[in-house]
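# A closer look at the structure
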Amino acid sequence: MNPLDALQKYFGYSNFRHSQEAIIQHVLNKQDVMVLMPTGGGKSLCYQLPAVLLNGLTVVISPLIALMKDQVDSLNLSGIPAAFLNSSQSPEEQKDIAIHLKNNELRLLYIAPERLFGKDDRLIVFLKTLPVVQIAIDEAHCISQWGHDFRPEYLMLAGLKKEFPGVPVIALTATADKLTQKDILEKLNLQKPAVFISSFNRENITYRVNPKKNSFNQLINFLEERKDDSGIIYCLSRKSTESLAENLKEEGFSAEAYHAGLTNETKAKNQEAFLRDEVKIMVATIAFGMGINKSNVRYVVHVDLPKNIEGYYQETGRAGRDGLPSDALLLYSPGDAMKLKGFAQVENNPEQSAIMMKKLDDMVNYCQLHACRRQYLMQYFDENFPDNCGSCDFCLSEFVKFDGTLIAQKALSAVARVKERFGVTYIVDFLRGSRSEKIWGEHKLLKTYGAGADISKADWQRYLRELIAMGYLRLSDDAYASLKLTLKSDAVLKGLEKVELISSQTTDEKEAAPLDF
Ligand code: ADP
């Protein structure tokens, strides 16, 4: 059977999405593959379809024990024999599955990583006696310390390629910046992997950031307009999920809490009620959501600042999986950023602390952005997105553009004069002619020193952010976040390209997030 026929027969779909077809072809050709696709993009099909076509067993490694049953049930309903092995099963059940495996009656077996390389290697030894034809590693970013959801047990998966030489490995994730991508490939030991990166743009989600003033009232206003809709509200602490859920209930909303400290029973009950639309609002920590396949989540609210863009984007991505218009709202306060800075320090690990700080800075910059949010997000994931999106809070507010070529030239030239060694704050001080010892001492003779003294600090900061968002400048990938020129800078410096900037006189000014750094 060819892949398209199998797609129709087993899954009931008539077309492949994104690069599903090419990915599947690679697996069928026994090549290793890494797949980066946004939540809801259709990753599961990339290994489930080869599992149907290949004559043998596909082993799926997933951290989400709670969801294995759902996936296996839905495969079995589609006529694809599948099972899972995890600690929730009785020895009899496990034995039963082993018999099915021995008889080559299963196409897919879901297991948790700690099970595979657990206390003894019995399962590995057993699996090696079976015709394993594909290994899928779901949520592959869990292997990376740079990812936002590191799970030490994933590190054990490094041994897979050795244990199963010649078996194609397909690593899948909805979230991986460049560093994490590299880490996944290295740690899993993938051989000449093909890497497929789908567009991460979620067109149907409108991104908004509002300054956090009185978050409960802000929430109530937001929710009043969405009384019949399902949504997720993310909080930083377990305690606040419970108190917020209670407060919302008192206001007449249908809400429950979810966090890792609740009993398994309560978690399962609340999750089930949310999935069935019996409860409209899930107030949760980030423990909630990975792998949750609920298509009609209409909004995701962050009442506290997320630690990094990857996490934020994945969480907001849980809205609108059905493609219908959905909202992502973040309530930002600089105080939250200060609080998280404390958490970003990893004891005895300066390298990791620096990376976490940089990621937090990127998150803060997003909140303080005075430019298209989608453009910033896409750029963060190295995706080219040249135009304003028209559907984030910035694009939806009315703003006035002006010819900012001269301002851009001053900024770019300042960055060049100080040899691309300094960050936003320093460049602004330099342009404004600060008398600080370092700037005065080192740079007072440089041509652009003080060339922008007529522009306020806040405006300069905003212009620099806009220039970054438009790709005329970029921030270095290391912890220093120094401003660097880009391929696009040259044309501006030579006067070959005009740059439009946004005037500070936007009609939406009062609602814009505070611009402190
Ligand atoms: P991900 O794991 O990337 O978050 P899923 O694999 O859960 O996404 O897929 C999301 C939804 O899209 C599922 O309901 C799935 O059945 C559906 N889907 C996947 N591939 C296709 C396709 N080619 N055509 C239509 N729907 C698809």
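Scroll up a little and you will see the structure.
This one's a predicted model, so the numbers in the text were calculated from it and none came from an experiment.

### Describing the environment of Ala260
- Residue placement: Ala260 occurs in the loop between strand E10 (255–258) and helix H12 (264–275).
- Classification of Ala260 by relative accessible area gives partly exposed; the value is 43%.
- For the pair Ala260 and Ile286, spaced 26 residues apart in sequence, the C-alpha to C-alpha distance is 9.0 Å.

### Comments concerning helix H10 (residues 215–224)
- Within the sequence span of H10, burial applies to Leu219, Ile220, Phe222 and Leu223. Axial view of H10: buried residues confined to an arc of 165°, hence all on one face.
- Where H10 is buried, its residues meet strand E9 (230–234), helix H11 (238–250), strand E11 (281–284), strand E12 (297–302) and strand E13 (326–332).

### Some details on the sheet that holds E12
- Spatially, the six strands line up as an open sheet ordered E8-E13-E12-E9-E11-E10, and their pairing is parallel. Here the strands that pair on one side only, and so sit at the sheet edges, are strand E8 (205–211) and E10. Across the sheet, the mean angle separating the axes of adjacent strands is 15° when strand polarity is ignored.
- As defined by bridge partners, E12 adjoins E13 across four bridges and the pair is classed as parallel. Bridging across to E13, His302 finds its partner in Leu330.

### Thoughts on helix H5 (residues 91–102)
- With 12 residues, H5 ought to run about 16 Å at 1.5 Å a step, and its terminal C-alpha atoms sit 16 Å apart, in line with that.
- Positioned one or two residues after H5, Asn104 has a phi angle of 55°, which is positive.

### Let's talk about unusual backbone geometry
- The backbone of Lys192 shows a phi angle near 35°, a positive value even though the residue is not glycine.
- Counting through the fold element by element, Lys192 comes out in the loop between helix H9 (178–188) and strand E7 (194–197).
- The residue Lys419 is not glycine, and still its phi comes out positive at about 60°.
- In this fold, Lys419 is placed in the loop between helix H18 (405–417) and helix H19 (424–431).

### Section: the pairing of E11
- Side chains Ile281 and Val283 project from E11 onto one buried face, and the interleaved Met282 and Ala284 project onto a second face that is buried too.
- Examined bridge by bridge, E9 and E11 share four bridges and lie parallel to one another. Each bridged residue has a counterpart across the sheet, and for Gly231 the counterpart in E11 is Ile281.
- Two strands pair when backbone bridges link them, and E10 and E11 are joined in this way by four bridges, in the parallel orientation. Considered in E11, the bridge of Tyr258 is made with Ala284.

### Overview of the site of the ligand
- The environment of the ligand is formed by 14 residues, the closest being Tyr13, Asn15, Gly40, Lys43 and Ser44.
- Side-chain polar atom of Lys43 to an oxygen atom of the ligand: 2.7 Å apart, as the coordinates give it.

### Concerning the state of the cysteines
- A complete count under the given rule lists zero disulfides for this structure.
- Unpaired in this structure, Cys392 has its nearest cysteine sulfur neighbour in Cys395, at a distance of 3.7 Å.
- Residue Cys392 is classed as buried on the basis of its relative accessible area of 0%.

### Quick look at the sheet that holds strand E4 (residues 108–111)
- Across the sheet, which stays open at both edges, the seven strands sit in the order E3-E4-E2-E5-E6-E1-E7 with parallel pairing between neighbours. Here the strands that pair on one side only, and so sit at the sheet edges, are strand E3 (82–85) and E7. Between one strand axis and the next, the sheet turns by 15° as a mean value, whatever way the strands run.
- Along the sheet face, H5 touches strand E2 (57–61), E3 and E4 and points at about 135° away from the line of E3.
- Sheet contacts for H9: strand E1 (33–36), strand E5 (132–137), strand E6 (169–173) and E7; angle to E1, the most-contacted strand, approximately 150°.

### Focus: empty space enclosed by the protein
- One pass over the structure, following the stated rule, counts two cavities of 30 Å³ or more.
- One number sums up the size of the second largest cavity: a volume of about 40 Å³.
- Lining the second largest cavity are Pro38, Thr39, Ala174, Phe200, Arg202, Tyr313, Gln314 and Gly317.

Cut-offs applied
Residues numbered from 1 in each chain as written. Predicted model: local features only at pLDDT ≥ 70, side-chain atom pairs only at ≥ 80, totals over all residues. Heavy atoms only, no water. Helix = DSSP H or I, 4+ residues; strand = E, 2+ residues; numbered from the N terminus. Buried < 20%, exposed > 50% of the residue type's maximum accessible area, 1.4 Å probe, protein only. Arc of directions from axis to C-beta. Contact = heavy atoms within 4.5 Å. Pairing = 2+ DSSP bridges. Axes fitted to C-alpha atoms, helices over the stretch in contact; angles between N-to-C directions. Expected span 1.5 Å × (residues − 1). Near = heavy atom within 4 Å. Polar contact = N/O pair within 3.5 Å; in protein donor to acceptor, adjacent residues only side chain to side chain. Disulfide = S-S within 2.5 Å. 1 Å grid on protein atoms, 1.4 Å probe; cavity = no way out; pocket = protein on both sides within 12 Å on 5 of 7 lines; lining within 4 Å. Points joined across faces, edges and corners; volume = space filled by probe spheres on them.

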